[in-house]
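# Residue-level structure breakdown
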Amino acid sequence: MSARAPEGYDPRAFEPFAVTVDLAVFTVRGGRLHVLLVERGEEPYRGQWALPGGFVLPRESAGTAARRELAEETGLTEDAVSAFHLEQLRTYSDPDRDPRMRVVSVAYAALVPDLPEPRGGGDAASARWWETADAGPLAFDHDRILADAHERIGARLEYSCLATAFCPPEFTLGELQQVYETVWGVELDRPNFRRKVLTTPGFVQAVEGAPRRTGGRGKPAALYRAGAATALHPPLLRPEGRTT
């Protein structure tokens, strides 16, 4: 049962506005950071590329709407999407950010392992993965949202175990290192990275069984899965001045 408005309160005294969710969905493909974009099939900005998202339904929370939109735009089931790391970025509420009406958007950043090519959903004409460096200009204020999301992810990798969200359930340390290098845009020293990961309690957990070969001529690479930790102590800080 919905709560009744208090006596004397008139909701018509306030100008109505809409609430939407926008998603910056990142993945690593071919050693490059990619973001999911949709081509708008309707006005405003028909034919332009934008972050996926949509309006929050009347009986829906922003978080539920974000996962629903992510499922629609990737073609995955909502159960599958529920396993992905999705975090609220910030709220964007500039009065003129949408030419249709006053729209307040709650933005989310999603980190997913490499997925198949997406399909357009809702009012999207098509959807595809774009290299983050080549994305834009985007519709609405989505360039700003994308930049904020990229910066947030880079900072979170320093203090959390978030990088494992980009990896498959079982991964090599080389694959994990590639995530850091791709998001940060820096080259990391392999022995030093390996030492930091393996000496950080709960960061990764070795997988029992035969190791997987990396495709090179070296010895087989051991497999790991995400550990139980959520924060890194000490943090794994990005190096300065060593760009890829």
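Everything here concerns the structure above.
Residues numbered from 1 in each chain as written. Predicted model: local features only at pLDDT ≥ 70, side-chain atom pairs only at ≥ 80, totals over all residues. Heavy atoms only, no water.

The next point concerns the nonpolar core. By size, the foremost hydrophobic cluster in this structure holds 42 residues, and its most contacted members are F26, F166, L176, Y180 and F203. Counting residues per element, this core draws most heavily on helix α4 (residues 173-184), at six residues. Non-local contacts of L176, meaning those with residues more than four positions away in its chain, are made with A163, T164, C167, F171, F193, V197, F203 and V204. Counting residues in each nonpolar core, the second largest holds 20 residues, with V38, V56, A65 and F84 among its members. (Core = buried A, V, L, I, M, F, W, Y, C linked by side-chain atoms within 4.5 Å. Buried < 20%, exposed > 50% of the residue type's maximum accessible area, 1.4 Å probe, protein only. Helix = DSSP H or I, 4+ residues; strand = E, 2+ residues; numbered from the N terminus. Contact = heavy atoms within 4.5 Å.)

Once that is clear, we can look at the packing of α4 against helix α5 (residues 190-198). Contact geometry of α4 with α5 gives a least axis separation of 11 Å together with a crossing angle of 105°. The orientation of α4 relative to α5 falls into the category roughly perpendicular. Counted together, L173, L176, Q177 and Y180 of α4 and R190, F193, R194, V197 and L198 of α5 form the full contact between these two elements. Grouping the amino acids of the contact of α4 with α5 by side-chain chemistry returns six nonpolar, one polar and two charged. (Axes fitted to C-alpha atoms, helices over the stretch in contact; angles between N-to-C directions. Parallel < 35°, antiparallel > 145°, perpendicular 65-115°, else oblique. Nonpolar A, V, L, I, M, F, W, Y, C, P; charged D, E, K, R; others polar.)

Taken as a whole and judged by the stated rule, the model has 13 salt bridges. Of the charged contacts, one joins D22 and R97 as a salt bridge, the two residues approaching to 3.6 Å between their closest N and O atoms. Linking D22 in strand β1 (residues 18-29) with R97 in the loop between β5 (85-92) and β6 (103-111), this pair joins segments that are 75 residues apart in sequence. Accessibility expressed as a relative area gives 7% for D22, which makes it buried. Here E170 ties to R225 by a salt bridge, and the two come within 3.6 Å at their closest N and O atoms. Of this pair, E170 sits in the loop between α3 (142-159) and α4 while R225 sits in strand β9 (residues 224-226), and the two are 55 residues apart along the sequence. By relative accessible area, E170 is classed as partly exposed at 33%. Taken together, the shared-partner salt bridges connect E60, R68, E69 and E72 into one network. (Salt bridge = Lys/Arg side-chain N within 4 Å of Asp/Glu carboxyl O.)

Bringing the packing of α3 against α4 into the picture now. The N-to-C vectors of α3 and α4 enclose an angle of 140°; their axes lie 10 Å apart at closest approach. Comparing their axes, α4 and α3 come out oblique. α3 and α4 meet at a crossing whose hand is left-handed. Residue-level inspection shows H150, I153, G154, L157 and E158 of α3 in contact with α4, the latter providing Y180, V183 and W184. Of the residues assigned to the contact of α3 with α4, the class counts are five nonpolar, two polar and one charged. (Left-handed = near helix turned anticlockwise from the far one by under 90°.)

Of all the nine residues making up β6, nine are buried; the element is thus mostly covered by neighbouring parts of the structure. Across the two faces of β6 the burial is the same, with V103, S105, A107, A109 and L111 and V104, V106, Y108 and A110 all buried. Relative to β6, β1 runs parallel, the two sharing nine bridges. Bridge assignment links T20 to a residue of β6, and that residue is S105. Looking at chain direction, β5 and β6 are connected through seven bridges and run antiparallel. Looking at β6, one finds that Y92 is bridged to S105. (Pairing = 2+ DSSP bridges.)

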